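So the chains spell out like this:
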Amino acid sequence: MQLKTILPASRLKGSVVVPGDKSITHRALLLGAISSGTTRIFSFSGGKDCLSTLNCLKQLGIDIRLSPGSDPHLTIQGKGPDGLAAPASILDAGNSGTTLRLLSGILSGQAFPSRITGDASLKRRPMDRILLPLRRMGAEISSLDGSGKAPLSIRPSALTGIRYTLPVASAQVKSAVLLAGLYAKGKTSICESIPARDHTERMLSAFGGNISTKKGPKGGLITTLVPSVPLLGRDVPVPGDISSAAYWIGAALLLPDSRLFLPRVGINPTRTGFLTVCRRMGGDLTFSRTQTFLGEPCADLLIRHSLLKGTVVSPEEIPSLIDELPMLAVLAAFARGETILRGIGELRFKESNRILSIVSNLRAMGISVSFTEEEICIYGKQCPSGAAFSSYKDHRIAMAFAIAALAAATPSTLDDWECCSISYPGFFREIERLQDL
C-alpha cells in the first residue's frame, strides 16, 4: 500500500492548466475512429481512462499517433463506420466505465464478434443498464458469467432504432445507445426526464451526424439520431476538464488568502452544477473570456478564498455534478451549518461505493454525518482535524480528500494515492508547485 503524508497548507496561489476533458477526449477518439478522414485531438486527456479507449481502438485496427512539439495532439486516421477490424484478443477497458459502455454501443453494430472486460473495480459495476436497451435494438450482447457485469460478449447482429426512456440519468447509457444507433436501421430516440451530460450529442453534430434535440411533451428532452450521413473527421480542441478543475476550485475556496486562475475550463451547461452550488454556498468564482469550440463552451475561471455556508442539493441537480460530489462533500465539511445531498444513489455504483467512501473519510475527520442509500447530511465545522484517509482506490475520492487534508488543522495520510493518475496524472506535483509560488 502506498501511503502519502499531506501537511496542512497556508494557501495556494497561481495558475493551473487542468487536463483536457476526459469525457470529450473519449468521444473524440471513438468518433474519430469511425469517421472518414483525419481527426486531430488537441489538449486531450492523458489519464489512464482515456488511454484505455485509445488502446482498445488500436486493437480494433485504428492508427492513432501522438504528434509531439509545441502543440501536441493525437492524430487518428479514421476508417469509417465499417472500418474496424476484429481484435485478436479480448479488449481491456481498464478502470474506465466510459470506455466499456460507449465502445459496447459501437461494437454491437460490427460484423465481427468481440469481447470486452476491465479491471477488478470495473467488473463489479453494473452493465445491465446498457445491455437492456442494446438488446432491444437487436444486439447480441451478454455478460459472460450471467451476472450483468463485465466481461461482455458481443456477436454480429442487425440493429434497429428504438425509442428509449432512460430510467436513470446516465450519459454513458445514452451515449451507448446513440452510438449503436449509427449502425441501426431507422432512427433512434432517447427520452430524458433529467438531462445528463450531452457531449456525445454535441460531438456527433460537429462530426456531421444527423442528430437533434427537442423538449418532450412532459418536460425533459428527446434526442433523435438518424443514421443517414457519414461522419467526417475534424480537429477537436478539448477544453479543460471541469471535474479536474473542481479540486482546485475547492482548494482555493477553503484555504485562506488563496487565489487560483484556471484558463479555458469547459463550462458545458450539463456539467456546471458544481459551480452553481459553490456560488450558492458563498464561493467567490468569476468567469471571463468565454468561448465555444465545436459546440463546447469554455471560460477562464478565477477563484478566491471564501467563507462557505451549508446548502441543499436537489436530485435534479445531481446529474450536472455527479463526479464532483466527493469534492462538494469536502466543502460541506468545512462550511457553516448543514448540507444535504439528495438523490445520490448512483454514487453506489462508481469506482467505489462513494457514499460509504465519503462518509467514512468525513467521520475520520470528526465530521458528523448521517446517510441513507439516496442522501447524505453533513454537519460542517470550522476547522476539522486531519485523518488517515482511504482512497478506496478511487481517483475522485483520493483527490477530494487530498484537498481536505490541505485544509485540515493537523497532518493527514492518504493510501493508494497513485490512483489519481486514472484521470489526473501530476495532481500532487501541482499541489507542491502551487504552495511554492
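Residues numbered from 1 in each chain as written. Predicted model: local features only at pLDDT ≥ 70, side-chain atom pairs only at ≥ 80, totals over all residues. Heavy atoms only, no water.

K.L.:
Help me understand the overall build of the protein, please; the structure alone is not making it clear to me.
P.N.:
If you tally the helices and strands in the protein, you get 12 helices and 25 strands. Compactness check: the protein gives a C-alpha radius of gyration of 21 Å against a globular reference of 22 Å for 437 residues, within 12% of the reference. Referenced to the eigenvectors of the C-alpha coordinate spread, the extents of the protein come out at roughly 60 × 50 × 45 Å. The proportion of buried residues among the 437 residues of the protein is 59%. Restricting the contact set of the protein to residue pairs at least 6 apart, pairs at least 24 apart contribute 75%. (Helix = DSSP H or I, 4+ residues; strand = E, 2+ residues; numbered from the N terminus. Rg over C-alpha atoms; globule rule 2.2 N^0.38 Å. Buried < 20%, exposed > 50% of the residue type's maximum accessible area, 1.4 Å probe, protein only. Contact = heavy atoms within 4.5 Å.)

K.L.:
What exactly am I supposed to notice about helix H8 (residues 273–280) here?
P.N.:
An α-helix turns once every 3.6 residues. As a result, residues three or four positions apart point the same way. Residues of H8 that are buried include every one of Gly273, Phe274, Leu275, Val277 and Cys278, and no others. Taken together, the buried residues of H8 touch helix H7 (242–254), strand E18 (284–293), strand E19 (296–304), strand E20 (312–313) and helix H9 (325–334). Phi turns positive, to about 105°, at glycine 282, one or two residues after H8.

K.L.:
Please clarify how the sheet that holds strand E6 (residues 91–92) should be interpreted in this entry.
P.N.:
Each strand in a sheet pairs with another by means of backbone hydrogen bonds, the pair being arranged parallel or else antiparallel. Spatial ordering of the open sheet is given by E6-E7-E9-E8, a layout of four strands whose pairing is mixed. Of all the strands in the sheet, just E6 and strand E8 (140–143) have a single pairing partner and so form its edges. Packing against the sheet, helix H3 (residues 97–107) makes contact with E6, strand E7 (114–117), E8 and strand E9 (152–155), and its axis sits at approximately 170° to E7. (Pairing = 2+ DSSP bridges. Axes fitted to C-alpha atoms, helices over the stretch in contact; angles between N-to-C directions.)

K.L.:
Would you explain the nonpolar core in this entry?
P.N.:
Ranked by internal contacts, the top residues of the largest apolar core, which has 79 residues, are Trp248, Ile249, Phe274, Leu328, Leu331, Leu362 and Phe427. In terms of residues, this core owes the most to one element, helix H11 (residues 395–407), which gives 11 residues. Once you skip the residues sitting within four places of it in the chain, leucine 331 turns out to touch Gly250, Leu253, Leu254, Phe274, Cys278, Met281 and Leu308. Residues Leu74, Leu134, Leu179 and Ile190 belong to the second largest nonpolar core, which totals 58 residues. (Core = buried A, V, L, I, M, F, W, Y, C linked by side-chain atoms within 4.5 Å.)

K.L.:
How should I be thinking about the pairing of strand E23 (residues 375–379) in this particular structure?
P.N.:
Note on strand geometry: in a regular strand, side chains alternate between the two faces of the sheet. Note: strand E21 (residues 338–342) against E23, five bridges, orientation antiparallel. Its bridge partner being in E23, leucine 341 is matched across the sheet by isoleucine 376. Relative to E23, strand E22 (residues 368–371) runs antiparallel, the two being bridged by four bridges. By the bridge assignment for E23, valine 369 is matched with isoleucine 378.

K.L.:
What should I look at first to understand the layout of surface pockets in this one?
P.N.:
Taking a probe equal in size to a water molecule and rolling it over the atoms shows the remaining empty space. Each pocket or cavity is described by its volume, and for the largest pocket that value is around 760 Å³. Lining of the largest pocket is provided by 43 residues; of these, Ala169, Ser170, Ile322, Glu346 and Lys350 occupy positions nearest its centre. Broken down by secondary-structure element, the contributors of at least two residues to the lining of the largest pocket are helix H1 (22–33), H3, helix H5 (171–181) and H11. Residue contributions to the lining of the largest pocket peak at four residues, all from H1. Classifying every residue of the lining of the largest pocket gives 13 nonpolar, 12 polar and 18 charged. (1 Å grid on protein atoms, 1.4 Å probe; cavity = no way out; pocket = protein on both sides within 12 Å on 5 of 7 lines; lining within 4 Å. Points joined across faces, edges and corners; volume = space filled by probe spheres on them. Nonpolar A, V, L, I, M, F, W, Y, C, P; charged D, E, K, R; others polar.)

K.L.:
Sorry, what's going on with the pattern of salt bridges here?
P.N.:
Summed over the entire model, instances satisfying the criterion amount to 23 salt bridges. Note that lysine 22 and aspartate 49 form a salt bridge whose closest N and O atoms lie 3.0 Å from each other. Note that lysine 22 is positioned in helix H1 and aspartate 49 in helix H2 (residues 48–59), a separation of 27 residues in sequence. The residues lysine 22 and aspartate 49 share a single accessibility class, namely buried. For aspartate 394, the salt bridge goes to arginine 354, with nearest N and O atoms at 2.8 Å. With aspartate 394 in the loop between strand E24 (388–389) and H11 and arginine 354 in helix H10 (residues 354–364), this pair connects stretches of sequence that are 40 residues apart. For aspartate 394, a relative accessible area of 0% gives the class buried. (Salt bridge = Lys/Arg side-chain N within 4 Å of Asp/Glu carboxyl O.)

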